[in-house]
There are 2 protein chains.
Amino acid sequence: MSHPHPELEEPPALPKGGVRVVPLGGLGEVGRNMTVVEYDGRLLVVDCGVLFPEDHPGVDLILPDFDYIADRLDDIEAIVLTHGHEDHIGAVPYLLRLKPDIPLVGSTLTLALIEAKLKEHRIKPYTLAVKEGGNEKLGAFDCDFIAVNHSIPDALAVFVKTGGGNLLITGDFKMDQLPLDGRITDLRAFAKAGEEGVDLFLTDSTNAEVPGFTTPERNIAPAIERVFQQAERRIIVACFSSHVHRVQQVLDAAAAHGRKVAFVGRSMLRNMGIAAELGYLHVPDRVLVDLKKIDKFADNQIVLVSTGSQGEPMAALSRMAAGDHNTIEIGPGDTVLMASSLIPGNENAVYRVINGLMRRGASVIHKGNALVHVSGHASAGELLYCYNIVRPRNVMPIHGEWRHLVANGDLAVATGVPAERVLLAEDGVVVDLVDGRARIVGAVPCGYVYVDGSLVGTTDETMLKDRRILRDEGFVTIIVVRDADTGKIVSGPEIQTRGFAEDDEVFDKVRPKLEAALEEAREKGISDTYQLQQVIRRAVGGFVGGKLRRRPMIIPIVIDA
Amino acid sequence: MSHPHPELEEPPALPKGGVRVVPLGGLGEVGRNMTVVEYDGRLLVVDCGVLFPEDHPGVDLILPDFDYIADRLDDIEAIVLTHGHEDHIGAVPYLLRLKPDIPLVGSTLTLALIEAKLKEHRIKPYTLAVKEGGNEKLGAFDCDFIAVNHSIPDALAVFVKTGGGNLLITGDFKMDQLPLDGRITDLRAFAKAGEEGVDLFLTDSTNAEVPGFTTPERNIAPAIERVFQQAERRIIVACFSSHVHRVQQVLDAAAAHGRKVAFVGRSMLRNMGIAAELGYLHVPDRVLVDLKKIDKFADNQIVLVSTGSQGEPMAALSRMAAGDHNTIEIGPGDTVLMASSLIPGNENAVYRVINGLMRRGASVIHKGNALVHVSGHASAGELLYCYNIVRPRNVMPIHGEWRHLVANGDLAVATGVPAERVLLAEDGVVVDLVDGRARIVGAVPCGYVYVDGSLVGTTDETMLKDRRILRDEGFVTIIVVRDADTGKIVSGPEIQTRGFAEDDEVFDKVRPKLEAALEEAREKGISDTYQLQQVIRRAVGGFVGGKLRRRPMIIPIVIDA
């Protein structure tokens, strides 16, 4: 398989009649999915999502790097959104800040979700709603939209036809053959695209490492049913606030067992409101109640559907577990169903929530002890079907870490795609499709863009590096004030420290060493500020490094007063 | 089941003839296992392990809180060590620092491992080696030692008989019925203890949530065999440096396939050296080679057995993945087998290593795509066997988070143990066994003790809280120098910042606000240092909080020069 060469250079100009594909996010990580397709000088953007930070202290969100398209915004025909998950739509507000009139193309639910989000950013977008089976000519890009099944309704794959070749882009999908809403991934449309000729197949790699087939959504029903049969008091279900099907299952079970359902958490209320209004969520009569009104019902008549399934500290469930939720107090007899996956990195937070809930006497049903969640992505077995049905000329795995992309590429090769036509790219790697053959031709700058409070793009790696040092080691500030004229030290050394040996004891030991060093510096006639800072840094650093085996950030400050 | 009451108080004096059990670690967390048994004024300590930090920035290790026994060290008959894992022996050096002559009792391998560790701390311990089937009278504690099967050889359960009742303490164990070394958990001895009467059964909760039975160790063989059959170049196996059985499997496979094995990583070399010397690891002839000498062999004749299966950044494997290991360079054709579990919280680090290895062209076999590891702990099905064989009068689940303890307690109840005789304790909770009935009678102070560089116990929650703030938000130091006599500001405000808006731009905006505030303070005649600090804190905090929606640590420093 063609790996991205470490020494990739600026790509050459795109040959006339060629199609260029540049992933600006989602290849090499799970999240911030964004792919730019270029043909005849025009651009089509597919998805524009966020990545949730991992070891990026203080960072709220990570965006795709728009740098590559920043000065070509006028060339963008449209942004096609495959579905409404954050990692596919979350960065749209930040792109539209640069140019608010770029049209958004997607299914009704997807557009409703992004419009709600844009409202918070005070942006009113131009939108074009499309349906499976529909076709739209977006400038030079002739797009067929194809139904795919995923863990959110109304997801679409897009078949992009250009004069330079045809691209089939799946977005996130799986192939549940008996989905709850009956809306299957349209393999007949995949087959038809294959007949027309798929020159480049960009397909979801998330579960490519997982052997076999993803468990059908309805196989969770028994676990839910058991909860409703056995729960003595309240039932609290935590799941992703966009998982309409999961919530539908809960609503139906509640209706069957004569329980009332209240939504908890801002995003849950907002998304389910939208889903219900648009008819994606079917709310049985008199099942839904307002959280404020649940006191009117007995505990064993109540179901709460809440956010916080990933242990997010601010979410409703975490606050219940910590015992500081303003209205809901967890107690013995309550049953909590954590009906979601466990995103890597969230384990400790989630187990903290589970322990907290159980400590309060609740019984907790979760991934670890019951079948309460299935993935929204196609496993290896399903992907093999796709390759055999589509028979693509070239393949470019998308959506995943390197290990996922490699696993997906291996599946393509196993079905007969020549290894050299499977392109393992990463963010910023440029793939050109010319005369039916796709090749990696270079790379463009493509970094992480951090949203940090209201600061976008100003937080950089240096700052994160500093935060990691501060996190692990804390800091020591040493201040000396010199007489501006004589250069004599008139005050200090004043030592301030946080996150490191905050008892003065330590510095009773270092202070004399420091004073001696300063005295020596004076005798040597060292007056240069930087040199004096070095003297201080060495004196303090040597002591804490040697004696305490610690490396706090040391900040010497010399002030001339 | 008897839960620990939040309002637990100082326990009353232990009634004459009663037995007191106080867990100082391991109940409420996975790690730092330590249980103190008291009878007739004397103490027996069972295990003394460390906990590895989770969200404790900068902390190297977490120890049990020795406070409860600190002034009773002379009452300790011995420390019984059930097996050689860090979470059961790792804190022994810190306890022996307080009193080096407390005897250590354990199996030959367990003692060898702790002695090697103590050597690094320059402590020569008093040891008493025991065997399964053996008995030792440790003062008032008459101890039978029972073979148990675990993911390290030579693990023991201990049956502690006293005038006040008998305790069966399993330590970590599982019930593999066809273990690689043939050493099974001795259920006949469990049955015999049951016949004599087990008044309190303290049993491993780690896998109590997991339904059914733990997969036998030998079921991993096919995955290992496949690797040896298919690997084109080097094979690198990463596993826990104490997992003698896993390494034995690799050595045998290497011998069968004519490959040489080199150990990589300090702890791997040390532990396998000990295991081989004592006859727990059987090294086939001419299979082992020194890492320095592997260049003499072809790549397809080499197996490296390395540390770093948890993605520890400093471990050999992580450095190979990052491409900065001094001798081993990973390349296409290399096969890496990660033959270990994935400890919650390590996911991101481990996947980073896997992606790094694959990016260099290696194929990686891991938990996610093959059966390469089985747990070392008994699952629910095995624990049910134990309860039915032992028929304990009282049960106290040990080794686990709250969710594990609860699950284990439920199993005891399911086998007929009265719920009120299942004691869900946590660290520091005091359980008294009096006249055959165990009860929670109170709690003793029991905190986390942090090892932080060479500092033990000085790092506290305040400091960790500061580190978390610094991690997420960074800090701003504002220094003003006043004339000691006139109180007039002669220098500053000097602004220093790290991990937060390190571009001065931000502070060009805040500086005038700050200066205005200081001027206003001067006019109001505010001279008190603390008040002035508050003025500075408000001026800066208000700006960054409001405008930037950030909460950096703000440190105002007023110096009188």
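Conventions adopted
Residues numbered from 1 in each chain as written. Chains lettered and ligands numbered in written order. Predicted model: local features only at pLDDT ≥ 70, side-chain atom pairs only at ≥ 80, totals over all residues. Heavy atoms only, no water. Helix = DSSP H or I, 4+ residues; strand = E, 2+ residues; numbered from the N terminus. Buried < 20%, exposed > 50% of the residue type's maximum accessible area, 1.4 Å probe, protein only. Contact = heavy atoms within 4.5 Å. UniProt positions renumbered as here; feature names shortened; annotations may be inferred. Polar contact = N/O pair within 3.5 Å; in protein donor to acceptor, adjacent residues only side chain to side chain. Pairing = 2+ DSSP bridges. Axes fitted to C-alpha atoms, helices over the stretch in contact; angles between N-to-C directions. Least-squares fit on C-alpha atoms with pLDDT ≥ 70 in both. Parallel < 35°, antiparallel > 145°, perpendicular 65-115°, else oblique. Nonpolar A, V, L, I, M, F, W, Y, C, P; charged D, E, K, R; others polar. Buried area = accessible area lost by both parts, 1.4 Å probe. Salt bridge = Lys/Arg side-chain N within 4 Å of Asp/Glu carboxyl O. Disulfide = S-S within 2.5 Å.

Here we come to the overall build of chain A. Within chain A one finds 15 helices and 25 strands. For chain A, the C-alpha atoms occupy an extent of roughly 85 × 70 × 45 Å along the three principal directions. The 561 residues of chain A split such that 60% are buried. Of all intrachain contacts in chain A linking residues separated by at least 6 positions in sequence, the fraction that spans at least 24 positions is 71%.

All names here are of chain A. UniProt annotation of "active site" (unreviewed entry) refers to Asp204 and His377 when read in the numbering used here. For the annotated residues, spread through 174 residues, the largest C-alpha to C-alpha distance comes to 7.5 Å, consistent with a single compact locus. Here Asp204 lies in strand β12 (residues 200-204). In this view, Asp204 contacts Thr170, Gly171, Asp172, Phe173, His377, Leu383, Ile398, His399 and Asn408; residues no more than four positions away in its chain are not counted. One can find His377 in the loop between β17 (363-365) and α11 (380-390). Given a relative accessible area of 14%, His377 falls into the buried group. Ignoring any residue separated from it by four or fewer positions in sequence, one finds His377 in contact with His150, Asp172, Phe173, Lys174, Asp204, Thr206, Asn207 and Thr214.

Moving on, we come to the side chain of A:His373. All names here are of chain A. Note that His373 resides in the loop between β17 and α11. Residue classification places His373 among the buried residues on the basis of a relative accessible area of 16%. A polar contact of 3.1 Å, which involves the side chain of His373, links it to the side chain of Arg246.

Residues and elements named next belong to chain B. By secondary structure assignment, the location of Ser379 is in the loop between β17 (363-365) and α11 (380-390). Ser379 gets classed as buried once you look at its relative accessible area, which sits at 2%. Beyond its immediate stretch of four places on either side in the chain, Ser379 contacts Asn207, Val210, Pro211, Gly212, Phe213 and Thr214.

Let us look at the sheet that holds strand β2 (residues 34-39) of chain A. Residues and elements named next belong to chain A. Ordered by their spatial adjacency, eight strands build an open sheet running β7-β6-β5-β3-β2-β1-β19-β20, and the pairing between neighbours is mixed. Here the strands that pair on one side only, and so sit at the sheet edges, are β7 (127-129) and β20 (437-443). If you compare each strand with its neighbour and ignore which way they point, the axes differ by 25 degrees on average. As judged from the six bridges shared by strand β19 (residues 429-434) and β20, these two strands associate in the antiparallel manner.

With that settled, consider the relation of the copies chain A and chain B. Rotating chain A by 180 degrees and translating it 0.0 Å along the rotation axis places it on chain B, where the RMSD comes to 0.0 Å. The symmetry that links the two subunits is that of a two-fold axis. Relative to the rotation axis, the closest C-alpha in chain A is found at A:Arg471, a distance of 2.2 Å. When the interface residues of chain A are mapped onto chain B, 100% of them again fall at the interface, so both copies present the same face.

Attention now goes to the packing of helix α5 (residues 187-196) of chain A against α11(A). Residue and element names in this part refer to chain A. In the contact formed by α5 and α11, the axes pass within 8 Å of each other and the chain directions differ by 40 degrees. Judged by the angle between their axes, α5 and α11 are oblique. The segment α5 lies against α11, with Leu187, Phe190, Ala191 and Gly194 engaging Cys386, Ile389 and Val390. Per-class residue counts for the contact of α5 with α11 are six nonpolar, one polar and no charged.

Taken together, the contact pairs 57 residues of chain A with 57 residues of chain B. For the pair chain A and chain B, the summed buried surface comes to about 5,200 Å²; carbon and sulfur atoms form 58% of the total. Considering only the surface of chain A that becomes buried against chain B, A:Arg359, A:Arg403 and A:Arg471 emerge as the three largest contributors, covering 10% of it. Across the chain A-chain B interface, the total number found is six salt bridges. A salt bridge links B:Glu54 to A:Arg352, with the shortest nitrogen-to-oxygen separation between them at 2.7 Å. Every element with two or more residues in the side of chain A that touches chain B is listed here: α10 (347-359), α12 (402-414), α13 (461-473), β23 (475-482), β24 (489-498), α15 (529-548) and β25 (553-560) of chain A. Its residues assigned to classes, the side of chain A that touches chain B comprises 22 nonpolar, 14 polar and 21 charged.

Now for the environment of A:Asn346. All names here are of chain A. Its place among the elements puts Asn346 in the loop between β16 (335-338) and α10. Given the relative accessible area of 22%, Asn346 is considered partly exposed. Measuring from C-alpha to C-alpha, the distance between Asn346 and Asp199 comes to 39 Å, with 147 residues separating the pair along the chain.

Time to look at the UniProt feature "binding site: substrate" (unreviewed entry) in chain A. Residues and elements named next belong to chain A. UniProt's entry tags Ser241, Ser242, His243, His373, Val374, Ser375, Gly376 and His377 with the feature "binding site: substrate" (unreviewed entry), counted in the numbering of this structure. Setting aside chain neighbours within four positions, we find Ser242 in contact with His85, Ser151, Ile152, Pro153, Asn271 and Met272. A distance of 3.3 Å separates polar atoms of two side chains, one belonging to Ser242 and the other to His85. Mapped onto the elements of the fold, Gly376 is located in the loop between β17 and α11. Note on Gly376: relative accessible area 7%, which makes it buried.

Within this structure, the stated rule accounts for zero disulfides over all chains. B:Cys48 supplies the cysteine sulfur nearest to B:Cys446, a cysteine that is in no disulfide, at a spacing of 12 Å.

This model, assessed by the stated rule, comprises 78 salt bridges over all chains. With a shortest N-O distance of 2.9 Å, A:Glu520 and A:Lys524 are connected by a salt bridge. Here A:Arg550 and B:Asp452 are joined by a salt bridge, their closest N and O atoms 2.7 Å apart. Of this pair, A:Arg550 sits in the loop between α15 and β25 while B:Asp452 sits in strand β21 (residues 449-452), which puts the two residues in different chains. Taking relative accessible area as the criterion, B:Asp452 reaches 0% and is therefore assigned buried.

All right, on to the sheet that holds strand β12 (residues 200-204) of chain B then. Residue and element names in this part refer to chain B. Read from one edge to the other, the open sheet built from six strands follows the order β8-β9-β10-β11-β12-β18, with strand pairing classed as mixed. Of all the strands in the sheet, just β8 (135-138) and β18 (395-398) have a single pairing partner and so form its edges. Strand-to-strand twist in this sheet, taken as the mean axis angle between neighbours without regard to direction, amounts to 20 degrees. Relative to β12, strand β11 (residues 165-169) runs parallel, the two sharing three bridges. Each bridged residue has a counterpart across the sheet, and for Leu167 the counterpart in β12 is Leu200.

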